[in-house]
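This is what each chain is made of:
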Amino acid sequence: MRLLALLTTTSALVAPPRLQLTRPARIPPAQMTPELQTALTLNTGLATMGTLAGQKQLTPTGLVHAWALGVILWSSFVGWRGYSLCVLYLVVGSAATKIKQKQKEAQGIAEGRGGARGPENVWGSATTAALCALYGFRKPSLRPLLAVAYVSSLATKLSDTLASEVGKAYGKTCYLSTTLKRVPPGTEGAVSLEGTLAGFGGSVVAASYAVAVGLTPRQAMAPVIIAAFVATTWESGLGAGAQGKGKWLTNEVINFLNTLIGAGVGAALSVRLFNLY
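S.K.: If you had to explain the overall build of the protein to someone new, which residues and values would you point to?
M.R.: A count of helical and extended segments in the protein gives 10 helices and three strands. The order of α-helices and β-strands along the protein, N terminus first, is α-α-α-α-α-α-α-β-β-β-α-α-α. Residues classed as buried in the protein amount to 38% of the 277 residues present. The contacts in the protein between residues at least 6 apart in sequence include a share of 71% that link residues at least 24 apart. A total of about 15800 Å² of accessible surface is found on the protein, and carbon and sulfur atoms cover 66% of it.

In C-alpha cells:
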C-alpha cells in the first residue's frame, strides 16, 4: 500500500507531457513568372486590339477562349515559338476558309459563321497542343519529345484544314475514302488530289516553321509530316463512316481525335524509327 501511495504521489508531481501542435502545411501561392506575366500582357493586348479593329477570325467567345489558349502556350515551355506556330495555323486556316467562299456558300459546303472560329473550334483544334504544353510543366525531361508531339498536332490540323478547304474549292474529282466511290466536293470523308496536295503542303510548312524557329530539330520534320498524313487519312475515313451517327461524335470531337493521333504518331516515330529521343 505504501508503494502504491508513493507511486501515486510521484505521478502527481510529474508534469503531464505537452502536446506539440503543428500548423498545417501552407501551399505556396502560384508564382507570377516572367513568362506568365508576358503571356497575360501580350494576349490581353492582342485581344483588345483585335476587338477594336473588328477582327472576324474569331467570335467574341472564341476570342476569350483563344486568349486562354494563348496564355497557356506562351507561359509553357513551347514559349513564343509554339505560340507563333499556333498563330500561323489560325491565320493560314482562316485564309483557307475564305477561298472561293461564295461558291462554297452557294453549294452549302462553306464553314458556318463565315469561317469565324468559336470556342468549340479553338479547343477542337488545339486541345492536344495545350495538353502537350501543360504536361511539360510536370515532366521537364520529356519536353523535347512533347515539342514534336505539339508540332505534329498542329501540323495535322493545318493539313486537315487545307485539304478540306482546297478540296472543296478546287477538287475536280472527289472520292469517298472508305469506298473510293465518286462523290461531290464537300462530302464528309471525301478526298481529292488537289486537297491532298494542299494538306501535304500545310504539314511541310508547319514542320519547316518549327525547325526554323528552333522548336524542334531538323530530324523531326519527317516524323511530323508522316504523322500529319496518317492522322488526316484516318480522319477522312472516320468522317466518312462515323461522323454524325452519334450525338457525341461531332466535328470538334473528331478534330480533337485527329490531332491526338497526329501527336501520338509523331512522338512514336521520333522514338522508334528515327531514334531522336
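Still more to cover.
S.K.: So, the packing of helix H6 (residues 119-138) against helix H10 (residues 251-272): which residues are in play, and what are the values?
M.R.: The interhelical angle for the contact between H6 and H10, taken along N-to-C directions, is 15 degrees, at an axis separation of 7 Å. It follows that H6 is roughly parallel to H10 by the angle criterion. By crossing handedness, the relation of H6 to H10 is classed as right-handed. Residues Glu-120, Asn-121, Gly-124, Ser-125, Thr-127 and Thr-128 of H6 lie in contact with H10, whose contacting residues are Glu-252, Asn-255, Phe-256, Thr-259, Leu-260 and Ala-263.

S.K.: So what's going on with helix H4 (residues 79-97)? Residues and values would help.
M.R.: The terminal C-alpha atoms of H4 lie 27 Å apart, and with 19 residues this matches the ideal 27 Å at 1.5 Å per residue to within 8%. Buried within H4 are the following residues: Gly-79, Gly-82, Tyr-83, Ser-84, Leu-85, Cys-86, Tyr-89, Gly-93, Ser-94, Ala-96 and Thr-97. Packing partners of the buried residues in H4 comprise helix H2 (34-53), helix H3 (60-75), helix H5 (101-107), H6, helix H7 (143-170) and helix H8 (193-212).

S.K.: Please give an account of the confidence of the model for the protein that cites residues and values.
M.R.: For the protein, the average pLDDT comes to 85, and 86% of its residues sit at 70 or higher. Averaged pLDDT values over the elements of the protein bottom out at 48 in helix H1 (residues 2-13) and peak at 96 in H8. Across residues 3-7, confidence stays below pLDDT 50; counting only partners more than four residues off in sequence or on other chains, it has zero contacts.

S.K.: Explain the packing of H7 against H8 residue by residue, including any values.
M.R.: Close contact between H7 and H8 brings their axes to 7 Å; oriented N to C, the two are set at 150 degrees. Classified by the angle between their axes, H7 and H8 sit roughly antiparallel to one another. The crossing of H7 and H8 is right-handed. Every residue of H8 that contacts H7 at Val-151, Ala-155, Leu-158, Ser-159, Leu-162, Ala-163, Val-166, Gly-167 and Tyr-170 is listed here: Glu-194, Gly-195, Ala-198, Gly-199, Phe-200, Gly-202, Ser-203, Ala-206, Ala-207 and Ala-210. Considering only residue class, the contact of H7 with H8 consists of 12 nonpolar, six polar and one charged.

S.K.: How would you sum up the packing of aromatic side chains? Please name residues and give values.
M.R.: Aromatic ring pairs are reported here in terms of the distance separating the ring centres and the angle at which the planes meet. Across all of its chains, the model carries one aromatic pair by this definition. Judged by centre distance (5.1 Å) and plane angle (80 degrees), the ring pair of Trp-74 and Tyr-83 falls under edge-to-face.

S.K.: So what's going on with the pattern of salt bridges? Which residues, and what values?
M.R.: All told, the structure shown has three salt bridges when counted by the stated rule. When salt bridges that share partners are traced, they join Lys-104, Glu-165 and Lys-168 into one network.

S.K.: How would you sum up the environment of Ser-159? Please name residues and give values.
M.R.: By secondary structure assignment, the location of Ser-159 is in helix H7. Taking the relative accessible area as the measure of exposure, Ser-159 reaches 4% and is therefore buried. Ser-159 sits 43 residues away from Gly-202 along the chain, and the two C-alpha atoms are 4.8 Å apart.

S.K.: Provide a residue-level description of the sheet that holds strand E1 (residues 174-176), including the pertinent values.
M.R.: One open sheet accounts for three strands, arranged E2-E1-E3; its pairing is antiparallel. Looking at which strands have only one partner, the edges of the open sheet turn out to be strand E2 (182-183) and strand E3 (190-192). Across three bridges, E1 lies against E3 in antiparallel orientation. Bridge assignment links Cys-174 to a residue of E3, and that residue is Ser-192.

S.K.: I'd like a description of a nonpolar patch on the surface, backed by residues and values.
M.R.: On the surface, Ile-226, Phe-229, Val-230, Leu-273 and Phe-274 cluster together into a nonpolar patch covering about 460 Å² of accessible area. Inspection of the secondary structure puts Phe-229 in helix H9 (residues 221-241).

S.K.: Break down the environment of Ile-109 for me, citing the residues and quoting the values.
M.R.: Inspection of the secondary structure assignment puts Ile-109 in the loop between H5 and H6. Exposure remark for Ile-109: the relative accessible area of 14% places this residue in the buried category. Those residues within four positions of Ile-109 in sequence are excluded, and the remaining contacts are Lys-104, Lys-168, Pro-185 and Gly-186.

Cut-offs and rules
Residues numbered from 1 in each chain as written. Predicted model: local features only at pLDDT ≥ 70, side-chain atom pairs only at ≥ 80, totals over all residues. Heavy atoms only, no water. Helix = DSSP H or I, 4+ residues; strand = E, 2+ residues; numbered from the N terminus. Buried < 20%, exposed > 50% of the residue type's maximum accessible area, 1.4 Å probe, protein only. Contact = heavy atoms within 4.5 Å. Areas by Shrake-Rupley, 256 points an atom, 1.4 Å probe, with all protein chains shown as cover. Axes fitted to C-alpha atoms, helices over the stretch in contact; angles between N-to-C directions. Parallel < 35°, antiparallel > 145°, perpendicular 65-115°, else oblique. Left-handed = near helix turned anticlockwise from the far one by under 90°. Expected span 1.5 Å × (residues − 1). pLDDT = per-residue confidence, 0-100. Nonpolar A, V, L, I, M, F, W, Y, C, P; charged D, E, K, R; others polar. Phe/Tyr/Trp six-rings, centres within 6.5 Å; stacked < 30°, edge-to-face > 60°. Salt bridge = Lys/Arg side-chain N within 4 Å of Asp/Glu carboxyl O. Pairing = 2+ DSSP bridges. Patch = residues over 30% accessible without salt bridge, like charges linked within 9 Å, V, L, I, M, F, W, Y side chains within 5 Å.

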